[in-house]
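# Working through the structure, step by step
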Amino acid sequence: MTETTSHRYRVGVDVGGTFTDFVLSERATGRLAYHKEPSVPADPSRAVTRGMQALLAREDCDPGSIELVVHGTTLALNTTIQRRGAPASLVVSRGNRDVLEIARCRMPNSYDFRAGKEEPLVPRARVFEIGARIAADGTVLETPDEVELAALAERVHAAGVEAVAVMLLNAPANPAFEQDITDRLAARLPELAVSSSTAIWPEIREYERAVATTLNASIHPLMSDYLGQLRSRLTEDGIEAPIYITASNGGTLSLATARGRPIETMLSGPAAGVAAATRVAREVAARGLCDFAGVISFDMGGTSSDIALSLGGEPSYTNRTHVGDFPLMMPVVGVSAIGAGGGSIVWIDAQGVLKVGPQSAGADPGPVCYGRGGTEPTVTDCYVCLGALDPDQFLGGAQKLERDAATAALTEVGRRLGFEGADVAARGAEAALAVASANMASEMLKALAQNGVDPGQLALMPFGGAGPTHALLLAEEIGITSLVIPPAAGTFCALGALIADVKRDFVRSLRRVVGKGGEEVVWQAFSVLETEALEWVASEGDILDSYSLQHGADMRYAGQGFDLPVKLPPQAASAKDTDALIELFHQEHEKHYGFRDLESAIEVTTLRVRAIGQVPPIELPSIAPTSQEPTPTSSRPVWHQGAWRSAPVYRRDHLAQGHKISGPAIIEQPDTTVWILQGWDVAIDAKGNLLVVKPNPNDADEAPRS
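Remember, it's a predicted structure, so these values are computed and weren't measured experimentally.

Criteria and thresholds
- Residues numbered from 1 in each chain as written.
- Predicted model: local features only at pLDDT ≥ 70, side-chain atom pairs only at ≥ 80, totals over all residues.
- Heavy atoms only, no water.
- Helix = DSSP H or I, 4+ residues; strand = E, 2+ residues; numbered from the N terminus.
- Rg over C-alpha atoms; globule rule 2.2 N^0.38 Å.
- Contact = heavy atoms within 4.5 Å.
- Areas by Shrake-Rupley, 256 points an atom, 1.4 Å probe, with all protein chains shown as cover.
- Lys, Arg positive; Asp, Glu negative; His and termini not counted.
- Charge placed at Lys NZ, Arg CZ, Asp CG, Glu CD.
- 1 Å grid on protein atoms, 1.4 Å probe; cavity = no way out; pocket = protein on both sides within 12 Å on 5 of 7 lines; lining within 4 Å.
- Points joined across faces, edges and corners; volume = space filled by probe spheres on them.
- Nonpolar A, V, L, I, M, F, W, Y, C, P; charged D, E, K, R; others polar.
- Expected span 1.5 Å × (residues − 1).
- Buried < 20%, exposed > 50% of the residue type's maximum accessible area, 1.4 Å probe, protein only.
- Polar contact = N/O pair within 3.5 Å; in protein donor to acceptor, adjacent residues only side chain to side chain.
- Pairing = 2+ DSSP bridges.
- Axes fitted to C-alpha atoms, helices over the stretch in contact; angles between N-to-C directions.
- Parallel < 35°, antiparallel > 145°, perpendicular 65-115°, else oblique.
- Left-handed = near helix turned anticlockwise from the far one by under 90°.
- Domains from an automatic or database assignment.
- Salt bridge = Lys/Arg side-chain N within 4 Å of Asp/Glu carboxyl O.

### Some remarks on the overall build of the chain
Helix and strand counts for the chain come out as 17 helices and 35 strands. Here the chain has a C-alpha radius of gyration of 27 Å; the compact-globule value for 706 residues is 27 Å, and the two agree. Principal-axis analysis of the C-alpha atoms places the extent of the chain at approximately 80 × 65 × 55 Å. Summarising the internal contacts of the chain: among those between residues at least 6 apart in sequence, 67% fall at separations of at least 24. Surface accessibility of the chain: about 28800 Å² in total, with carbon and sulfur atoms responsible for 49%. Computed over 61 positive and 87 negative side-chain charges, the separation of the two mean positions in the chain equals 2 Å.

### Some remarks on empty space enclosed by the protein
Throughout the structure, instances matching the rule amount to four cavities of 30 Å³ or more. One number sums up the size of the largest cavity: a volume of about 70 Å³. Along the walls of the largest cavity sit Trp201, Ala247, Ser248, Asn249, Ile263, Glu264, Met330, Pro331, Val332 and Asp505, which together make up its complete lining. Of the residues assigned to the lining of the largest cavity, the class counts are six nonpolar, two polar and two charged. What lines the second largest cavity is simply Leu100, Ala103, Lys117, Glu118, Glu119, Pro120, Leu121, Tyr207, Val211, Asp325 and Phe326. Of the residues contributing to the lining of the second largest cavity, the split by class is seven nonpolar, no polar and four charged.

### Thoughts on helix α17 (residues 578–593)
With 16 residues, α17 should cover 22 Å at 1.5 Å per step; its first-to-last C-alpha distance of 22 Å lies within 8% of that length. Taken as a whole, α17 has its buried residues at Thr578, Ala580, Leu581, Ile582, Phe585, His586, Glu588 and His589. Elements in contact with the buried residues of α17: β25 (502–514), α15 (519–538), β26 (546–557), β27 (564–568), α16 (570–574) and β28 (602–614). For α17, the N-terminal cap is Asp577; the gap from its side-chain oxygen to the backbone nitrogen of Asp579 is 3.2 Å.

### Quick notes on the sheet that holds strand β9 (residues 163–167)
The strand order across the open sheet formed by four strands is β6-β5-β9-β10, and the pairing between neighbours is parallel. One side of each edge strand has no neighbouring strand; the edge strands of this open sheet are β6 (127–130) and β10 (193–196). Put simply, the sheet's adjacent strands are angled 20° from each other on average, direction ignored. Sheet topology places strand β5 (residues 88–93) next to β9; five bridges connect them, and they run parallel. Within the sheet, the bridge partner assigned to Val91 lies in β9 and is Val166. Helix α5 (residues 175–188) contacts β5, β6, β9 and β10 of the sheet and is inclined by roughly 170° relative to β10. Across the sheet, helix α7 (residues 206–236) lies against β5, β9 and β10, angled at about 160° from β9, the strand it touches most.

### Quick notes on the packing of helix α1 (residues 44–58) against α7
Interaxial distance between α1 and α7 falls to 10 Å at its minimum, and their mutual angle equals 25°. Taken together, the axes of α1 and α7 are roughly parallel relative to one another. Seen along the crossing, α1 lies across α7 with a hand that is right-handed. Two secondary-structure elements touch here, α1 through Pro44, Ser45, Arg46, Val48, Thr49 and Met52 and α7 through Tyr226, Gln229, Leu230, Arg233 and Leu234. When the residues that make up the contact of α1 with α7 are grouped by side-chain class, the tally is six nonpolar, three polar and two charged.

### Focus: α1
Compared with an ideal rise of 1.5 Å per residue, which puts 15 residues at 21 Å, α1 spans 21 Å between its outermost C-alpha atoms and is within 8% of the ideal. Those residues of α1 that sit buried are Pro44, Ser45, Ala47, Val48, Thr49, Gly51, Met52, Leu55 and Leu56. Positive phi appears at Asp60, one or two residues downstream of α1, with a value of about 55°.

### Some details on the domain arrangement of the chain
Taken domain by domain, the chain comprises domain 1 (2–79 + 224–264), domain 2 (88–209), domain 3 (268–324 + 456–499), domain 4 (344–435), domain 5 (502–614) and domain 6 (634–701). Each of domain 4 and domain 5 was reduced to a C-alpha centroid, and the two centroids are 51 Å apart.

### As for the sheet that holds strand β29 (residues 634–640)
Strands sit in the order β29-β30-β32-β33 across an open sheet of four strands; the sheet is mixed. The open sheet has two free edges, formed respectively by β29 and β33 (672–676), since each of these has just one partner strand. For this sheet the average axis-to-axis angle between neighbouring strands, irrespective of direction, equals 30°. Bridging between β29 and strand β30 (residues 643–651) involves seven bridges; their strand directions are antiparallel. By the bridge assignment, Ser635 is partnered in β30 with Pro648. Strands in contact with helix α13 (residues 467–478) are β29 and β33; relative to β33, the strand with the most contacts, it is inclined by about 30°.

### Considerations on the pattern of salt bridges
Oppositely charged side chains are able to pair whenever their charged atoms sit close together. On inspection of all chains with the given rule, the structure shows 37 salt bridges. Put simply, Glu178 and Arg209 hold a salt bridge, and the shortest N to O gap is 3.9 Å. With Glu178 in helix α5 and Arg209 in helix α7, this pair connects stretches of sequence that are 31 residues apart. Owing to a relative accessible area of 0%, Glu178 belongs among the buried residues under this scheme. Since its relative accessible area comes to 2%, Arg209 is described here as buried. Residue Lys355 pairs with Asp349 through a salt bridge whose shortest N-O separation is 3.2 Å.

### Description of the environment of Leu395
By the element assignment, Leu395 lies in the loop between α10 (379–386) and α11 (403–416). The spacing of Leu395 and Glu162 is 233 residues in sequence and 41 Å in space, taken between C-alpha atoms. Ignoring anything within four residues of it in the chain, the contact list for Leu395 reads Phe19, Lys36 and Pro670.

### Side note on the pairing of strand β32 (residues 665–669)
Within β32, five of the five residues are buried, which leaves it mostly tucked inside the rest of the structure. The pairing of β30 with β32 spans three bridges and is parallel. Bridged to Arg651 within β32 is Glu668. Bridge count for β32 against β33 is five bridges, and the pairing is antiparallel. Along β33, the bridge assignment pairs Ala665 with Ile676.

### Digging into unusual backbone geometry
In this model, Gly357 is joined to Pro358 through a cis peptide bond whose omega is 0°. Position of Pro358 relative to the elements: it lies in strand β22 (residues 354–360). In this chain, Gly663 is followed by Pro664 through a cis amide linkage whose omega measures 5°. Relative to the elements of secondary structure, Pro664 occurs in the loop between β31 (660–662) and β32. A positive phi angle is found at Leu395, which is not glycine, with a value near 55°.

### Examining the packing of α11 against helix α12 (residues 424–450)
It is at 7 Å that the axes of α11 and α12 come closest, and there the two elements cross at 75°. When the axis of α11 is compared with that of α12, the two are roughly perpendicular. When α11 is examined against α12, the residues Thr407, Leu410, Thr411, Gly414 and Arg415 are found in contact with a partner set consisting of Val424, Ala425, Gly428 and Ala429. Grouping the constituent residues of the contact of α11 with α12 by class yields four nonpolar, four polar and one charged.

Below you can see the structure in the form of C-alpha cells.
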C-alpha cells in the first residue's frame, strides 16, 4: 500500500434500492473518490462491505487509514412501509386499549366511502392494559402492584413478541413514573427490548406518541442486528473506524444511539442529500454566481423521486410527517415524495391511459436494458431508447446496457398509444417521460404552494442516479430557469452523509402560559433539556470538534387547537428573555395568519433543544480554470420534442472552471448522465458545479457566471 499514515480518510455510504453509493474523502488534500455498487436488498451489509473493498482497492487505501464511516440507510423506512417489523406489543393505561384503532378518526379518503381504514401497527390482541395512570398535571392516580405486573409479563410473553412499547396516558407530565413501570416490566422480560414512550419521544398527543414508540420497538430488532452485522463485517475487513448513521433531521448519530433509537433514522438517506444540497447552494450563493432565493433539491434514484426546500442557507424542517400509513411526530428534514424513479415501470391501464409507476423493477431484475430478465419497460429504458444514456458508458462502462431490448419493449408501448412509423419506440418513450414529468411537477407545485414559495425564484439541484438526466425535463414542466448540478451527483447522498454534523433533538411537552408567571417553569424545563443534550453530545465520540445548542418552542394563543414552531435565538435563550419569546411568537403568527392577538394569553406547549456536535469540516475540492473551449469526445443523436437532434458528448472530468456549453448536449460521468436540452446554457464554476440557465429571450446579455 502506498498510504501508510493512519486515519486520513472518511467514507460516506448511502444504501439505495438499486445501488449503494460511496464517497471517500482524503482530509489532507480534499480529494474525493466515488463508487457505485449494486445493492443487495436481502442483505444490505453485503453491498456495503463489497463496495468498500472495491473502493479501497481501487484507491490503494489501507483499511486502517479510515478514520470515520458514515452510513445512510433506508432499512427502517422500508421495514415500516412494507410492515416487516418484528412483532411487538403495546402496553397502555387501563381504558386506553383502542388508541391505535381509533387513531385520529379520519377517513382515509374523504371522497370514497368504501376506502378501507389502515391496519393498526399492533393488532388489538397484542395491546395490553395496566392499572397505571397519570393526571394531566403529572399526579399519579393509579400504580400497579407486583402481582399485576407479573400477570402482564406473562401475557406479553405468551403473545410471542420480540419487543414491547409502553405508552401511558399523560406520561409527558411525569416521565419518571412511566420509566419506572417500564423498568419493572423489563426486569420480568429480560429477553425482550422494552421501551417507554417518554424515553423515545415525550411529546403530547398520545396516538402519535404510541405510534412513534411502537415503530421504534418493532424496527429495533432488525436495525440492531443489521448494524451489529455491519460493524462485525467492517472490523473483519480491517476497518475499525467509528460508524455513524445519518438521521432524519439531516445530522448523524453514533452507532450506539442509532441502535437504541432506530426511529430517528427513518428518513436517513433523503435527509443526507438535502444536507449536501444546502451546503452546495450556500457556497454558490456566497460566491454570487447565481441569483436565486433558495434551492429545491431533487433526488431521483432507482425507485422514487424526492424533493426538499432550502431557504436562507438552511433546509426546511417539519415536526409532523407520514411514513406509509403512520404519522411520525419528530423533527425531520421536509422531504416530499413526488413521483417515479429510474426503475419505475411504464405501463398502460385497462382504459388505455399511459402510467409511470408506482411499481418499480428494483435492482433485480431491474430495467429491461439491464438484461437480467426484466420484461416491463422503465424510465431508464426510456433514457436509453432516446439516446440520453450511452449503453456502453453506464456507470463509467462498468455495466453494459441493451438498447435493442429497451427499444423493443417501448415499441409495444408506442403502438398501444397509437403511434406509427419508424420512431414508435422513441415517441412512446418521450410520452412516458412527459407523464412522469407532469406527475412530478404536480406534486412539486403542491409542496411549494404549501410553503408559499414561487418556483420561478428558486434553483433546482438534481442528484441521484437519474436526477441530472431528468432535471431539465422537470424544470421546463414547472417553469424553473436555474439549476445547480453538483459534481458526483449520482453519489450525492453519500457525500451528504460525509459532511453532516452529529445532531439530535430533545423535546418536552408542557402547557404553560407565559407572561403571567408561568415562564419560570418554561426556563427550568429548557435547562433540563440542555443538560440532557450536553450529556448526550459528550458521549457521541472523540471525533467531535465542538458543540452548539439550538432552542425552539411550539406556541399558540390560548384556546387554539394547533401551535406554531418558534425559533429562539441563542442570546434570547441564554438570557431567558420571555419578552423576546412572546414577540417572536406574535411575529410568527402574523406571518402565517396575517394578524396578532394582543388580548389572548399565550401558551407554550412543547420545548425543543437541538444538540449539534461539529465534525471537522471537509473542504470540497476545486477545479482548475481555463480560457479554452471545451472539446466533446463524440456526438450522438438524441430524441427530443419529436425529432432526433445531434448532441455533442462531453466528459465531466474534462470540464474546467470557465467552460461554457449550450444545449443540446450530453455530459457523462461514471455515476450519472446530465442531459442538457436545447435552449439551455451551462457554465462550470470553481467547484465543478454545472450552473445551468435558460436565458431570457428578452435579455441577450443574460448568461451564467462561473
